[in-house]
Each structure stands twice: as C-alpha cells, then as structure tokens.
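For reference, the chains in residue letters:
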Amino acid sequence: MTASVLALYRRITRWPAGHWLFSSAVCLKAPYFASIAPRIEVLEPGRCVASLRHRRKVTNHIGTVHAIALCNLAELSGGLAIDASLPTSMRWIPKGMTVEYLRKAVGTMRAVATPAQPAIEADTGYELPVDVEVTDPAGEAVFRARISMWISPRR
C-alpha cells in the first residue's frame, strides 16, 4: 500500500459500493488477501476494522472458519492500521505474529486492529506491535493476534 491509502479510503468509501471497491483495490495490490474476500469497514489512524464472511472457501474440516483465514484477516487489518498511521517518511513490513485461538470461529468474523503505541518518525528502524482481536457475530472473541511490525525510514 502507499502512504495515501487513508486518503484513498476516505475518497472511495463515500461512493455507493465504496467499501467493496476499496476492499477489492487492496486485494489487487496484495492478491493473497483475496483468498478471504475481506471487507474493510473502518480505516482511520490507529484503527482498522475488517470482516470476512463464513463461507465454504474459508471453512475447515470441522465446519469453522479456518485458522489461517483468521491469520490473514489479522495481518490485513493490522497492516492497514499501521499504513493509515505512519508518517509518510516511514514504511512497514510484518516481522512476526503470535496468535491465540480462543473458541470455534463460526459466522462472519470481525477484526479490530490497533497499534500498541503511536507510530512515530525515526531515523532508524523499530518494532511496533499491533494487536488484533477477532470476534464472532455475538461479539465473543474467537482469536487474538499480536503482529510485530518492522517500521523503518523510506529510502
């Protein structure tokens, strides 16, 4: 994504079907995320809310949303939250992720991603954790992730 991802989100989501269009654009830029057909619901500095519908292509052998689909949703929402929060002189890349599977994931999953602290401009790289909680339609947490983002100056 580019530094203007937040401006693009704000402009496109004013249109009819704008959230769908923005979500599709994200999947064009990062094609692997298309495998979960996400919908970006909210994007603002310090926060991203994204969802995925429970359907066959994200279902595992026991009929729940697959663990890796949840990881993809977490990485997508975490990356967008960071992208919308960074100074334009900085860039990011995921460095690692720890996850907790809390209960069976059934129904539309909703991820809320928030950086653990504000992103700042720096002369050297630094690690910035992003916390993601995924809930089911009842609002119960089914999955948590902490993504270690590596933030560094653009060259």
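Per chain, the residues get numbers from 1 upward, laid out in the order the sequence is written. Two thresholds apply to this predicted model, a pLDDT of at least 70 for residue-level local features and 80 or more for giving and counting side-chain atom pairs, whereas whole-chain, interface and lining totals are computed over all residues. Side-chain metrics rest on all non-hydrogen atoms present in the structure, leaving aside hydrogens and water.

Trainee: I'd like to hear about the pairing of strand S5 (residues 126-135), residue by residue, with values.
Mentor: On any regular strand, side chains alternate: one points to one face of the sheet, the next to the other face. Of all 10 residues making up S5, seven are buried, and the element is well covered by its neighbours. Pairing between strands is defined by DSSP: at least two bridges between the two strands are required. Here a strand is any run of E in DSSP of at least two residues, a helix any run of H or I of at least four, and the numbering for each starts at the N terminus. One ladder, built from 10 bridges, connects S5 with strand S6 (residues 141-153); its direction is antiparallel. Paired with Pro129 across the bridge in S6 is Ser148. Taken together, S5 and the strand that follows it, S6, pair antiparallel across an intervening segment of five residues, in which Gly139 is found at a positive phi of about 85°. Any residue under 20% of the maximum accessible area for its type is buried, any over 50% is exposed, and the rest in between are partly exposed; the area is computed with a 1.4 Å probe on protein chains only.

Trainee: A description of the nonpolar core should follow, citing residues and the corresponding values.
Mentor: We define the nonpolar core as a collection of buried residues of types Ala, Val, Leu, Ile, Met, Phe, Trp, Tyr and Cys that are connected through side-chain atoms lying within 4.5 Å of one another. One finds Ile40, Leu43, Met109, Val132 and Val134 to be the most contacted residues of the largest nonpolar core, which totals 45 residues. Contributions of two or more residues to this core are made by helix H1 (5-12), helix H2 (18-29), strand S1 (39-44), strand S2 (47-52), helix H3 (67-83), strand S4 (109-115), S5 and S6. Here this core gets nine residues from one element, more than from any other, and that element is H3. By definition, residues are in contact when any of their heavy atoms lie within 4.5 Å. Setting aside its immediate chain neighbours within four residues, Val132 contacts Ala74, Ser77, Gly78, Ala111, Val112, Ala113, Phe143, Arg144, Ala145 and Ile147.

Trainee: Which residues make up the environment of Ala74, and what are the values?
Mentor: Relative to the elements of secondary structure, Ala74 occurs in helix H3. Separated by 37 residues in sequence, Ala74 and Ala111 place their C-alpha atoms 6.5 Å apart. The contacts of Ala74, once residues within four sequence positions are left out, are Met97, Val132, Phe143, Ala145 and Ile147.

Remember that the coordinates give geometry; whether it matters functionally is a separate question.
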